[in-house]
Amino acid sequence: PFIDMAMEELSEHIQRSVVDGVKLLAPRVHEEQVEGTLCISVYYLIFSTRRRAAEDELTVLHTAIDKVECKSGSTVVSLCMKDFRRFVLELSALEECQDVVASLERLSKPERLQELCAFHCTGGRQERAGNGWHFPTVEELFQRWHCPEEKWRISHANKDFMLCESYPEEVIVPKCVADDTLAAVANFRHSKRFPMLCFHHRYNNAVLLRSSQPLCGPSHKRCREDVRLLNACLPSLSRGKVLDVRPQDVAKQHTSRGGGVEEPSHYPQWKVEYAGMDPPSTIQSSLSKLLDACYDTALNSSSSWFNRLESSQWLSHVTKLLQAARFVTLCIHQDASSVLVHGASGKDASLQITSLAQVLLDPHCRTIEGFLGLVQREWLDCGHPFSLRHAHTRHTRDRAPVFLLFLDALWQVMRQFALSFEFNEQLLHILHQHSHFSTHGIPNPSTFTHTH
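Along each chain, residue indices are assigned from 1 in the same order as the chain's sequence is written. Where local features are concerned, this predicted model is filtered to residues with pLDDT of at least 70; where side-chain atom pairs are given and counted, the filter is 80 or more; whole-chain, interface and lining totals use all residues. Remark: hydrogens and water are excluded; side-chain values derive from all non-hydrogen atoms of the structure.

**A closer look at the side chain of Asp408**
Counting from the N terminus, the helices are DSSP H or I runs at least four residues long and the strands are E runs at least two residues long. Along the polypeptide, Asp408 turns up in helix 14 (residues 402-416). Accessible area is worked out with a 1.4 Å probe on protein chains only. A residue is then buried under 20% of its type maximum, exposed over 50%, and partly exposed in between. His is not counted, nor are the chain ends; Lys and Arg add positive charge and Asp and Glu add negative charge. Any carboxyl oxygen of Asp or Glu within 4 Å of a side-chain nitrogen of Lys or Arg constitutes a salt bridge here. Buried within the structure, Asp408 lacks any salt-bridge partner; its nearest side chain of opposite charge belongs to Arg415, at an N-O separation of 9.2 Å. Other than its neighbours up to four places away in sequence, Asp408 contacts Trp314 and Val318. Any two residues having at least one pair of non-hydrogen atoms within 4.5 Å are treated as being in contact.

Structure representation (structure tokens):
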């Protein structure tokens, strides 16, 4: 009933459902404008010539639209898509154009998550789930990573998300660490994201951990349980490294506001390094500059394009991510040194680094099944705020292409080592689109089987 009510409310915002005599121009796709009929439903915009085959139809989910642009007094509407395509519609009457623009502006920016198509389009979900992909359980990961049973165990301390709402209910922790200790550590970490195992090297027993920043504050508070947990993760007679994704000066600023980084005097077995990665807001600014350059039809030379590309600083973000993942990979695989990765919240750059490092470290993550499992456990199970970063509603203040940056960095690796992957860039395109469009309430793994 709640969903039906939401659909009824959305239908009230459709000021004009059918418009004839509309011309469509999709830059770099159609050489000429084609004329047809525009239809607007609760969740979709459909353009059809009504003359030829189905490929002449254009079907666009409203939430796939990023911006609706129309100059005052004009009947030309430009639709900027979240996957960076752009469609141009030319209507015959100004009143029709104003109605279409008003409808699309409201329908493409839901007021709340419950208005998304995923909450309504549930047909066939059980069939898809039954024939869909199998994501490994924690028990299966424990076996595949060859975690020594005398060293590690599976904890259910986070059942019903009692410790941390952005972590899975089952986590792998050192066997000598009790659940009460986990609770104390969670209280010492931002958003209660305690250090959690995300990869175990089967040959040298080095581990990759993720967490959020410790709440040391300006008084440099110490949590003995936190120190005990981190030291228990280390193989015997070894030392580890903490990779703080932030620049060092930013970490110091967070210390003055109650956050901070591991104090060397409190964690003598761990050495802190800084990745110097930029915050999500800076990455969003870089993407905006890059897209402006892509859409600028006045660029008439390759040198102008490369200058705009460089000034956007997008590739510098990709470079920093690749360097951080390389650092983690060399520490674990070559130096047998365990690594803890964290930033402030541990939900953005930390996930980028741990995910990309696992792709480099674990051949299974370079298969289709393994990579989808990686995205599931690192990004979905561990609390990346997709609804905020991808602006699934009209609230766009915290928007940032964090997941896209990870996919771009991964694409750079795939370009160099294409034969090391079971999939190609089409899978990355599909993941990017579906993470933005919110078509499905659950992932539909059958979509990904056509990528190779």
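Still more to cover.
**Points about unusual backbone geometry**
The phi dihedral of Phe84 falls on the positive side, at around 80°, and the residue is not glycine. By secondary structure assignment, the location of Phe84 is in the loop between strand 6 (76-81) and strand 7 (86-90). Positive phi outside glycine occurs at Lys192, with the angle close to 60°. Turning to its location among the elements, Lys192 is positioned in the loop between helix 5 (179-187) and strand 10 (196-200).

**A word on the sheet that holds strand 7**
Two strands qualify as a pair provided DSSP detects at least 2 bridges between them. A sheet is described by the order of its strands in space; here seven strands give the open sequence 4-3-2-1-7-6-5, paired in antiparallel fashion. In this open sheet, the two strands that pair with only one neighbour each are strand 4 (58-61) and strand 5 (65-69). Across this sheet, the average inter-strand angle for adjacent strands is 30°, counted without regard to direction. For strand 5 and strand 6, the ladder comprises four bridges, and the chain directions are antiparallel. By the bridge assignment, Ile65 is partnered in strand 6 with Met81. Structural elements are reduced to axes, namely lines fitted to C-alpha atoms, with helices fitted over the stretch in contact, and the angle between N-to-C directions of any two is expressed from 0 to 180 degrees.

**Observations concerning the sheet that holds strand 10**
Strand pairing in a sheet relies on backbone hydrogen bonds. The paired strands run either parallel or antiparallel. Taken in spatial order, the five strands line up as 10-11-14-12-13 in an open sheet, and their pairing is mixed. One side of each edge strand has no neighbouring strand; the edge strands of this open sheet are strand 10 and strand 13 (270-274). Each strand axis lies, on average, 25° off the axis of its neighbour in the sheet, ignoring direction. Both strand 10 and strand 11 (residues 207-211) contribute to a ladder of four bridges, which runs antiparallel. Bridge assignment links Met196 to a residue of strand 11, and that residue is Arg210.

**Quick word on the side chain of Glu378**
With respect to the helices and strands, the residue Glu378 is situated in helix 12 (residues 368-380). Side-chain atoms alone can form a polar contact between residues adjacent in sequence; in general such a contact is a pair of N or O atoms within 3.5 Å, and within protein one must be able to donate a hydrogen while the other accepts it. Side-chain polar atoms of Glu378 contact the side chain of Thr354, separated by 2.9 Å. Only 3.0 Å separates the side chain of Glu378 from the side chain of Gln358, close enough to count as a polar contact. Apart from the residues within four sequence positions on either side, Glu378 is in contact with Cys198, Arg210, Leu351, Thr354, Ser355 and Gln358.

**Observations concerning the pairing of strand 12 (residues 240-244)**
Most of strand 12 is tucked away: four of the five residues are buried. Alignment of strand 12 against strand 13, held across five bridges, turns out to be parallel. Looking at the pairing, Val242 lines up with Val272 of strand 13. Running through helix 7 (residues 248-256), the crossover from strand 12 to the neighbouring parallel element strand 13 is right-handed. Looking at chain direction, strand 12 and strand 14 (residues 338-342) are connected through five bridges and run parallel. Bridging from a neighbouring strand, Asp244 pairs with His342 of strand 14. With the strands pointing away from the viewer, any crossover whose connection runs clockwise from the first strand over the helix to the second is right-handed.

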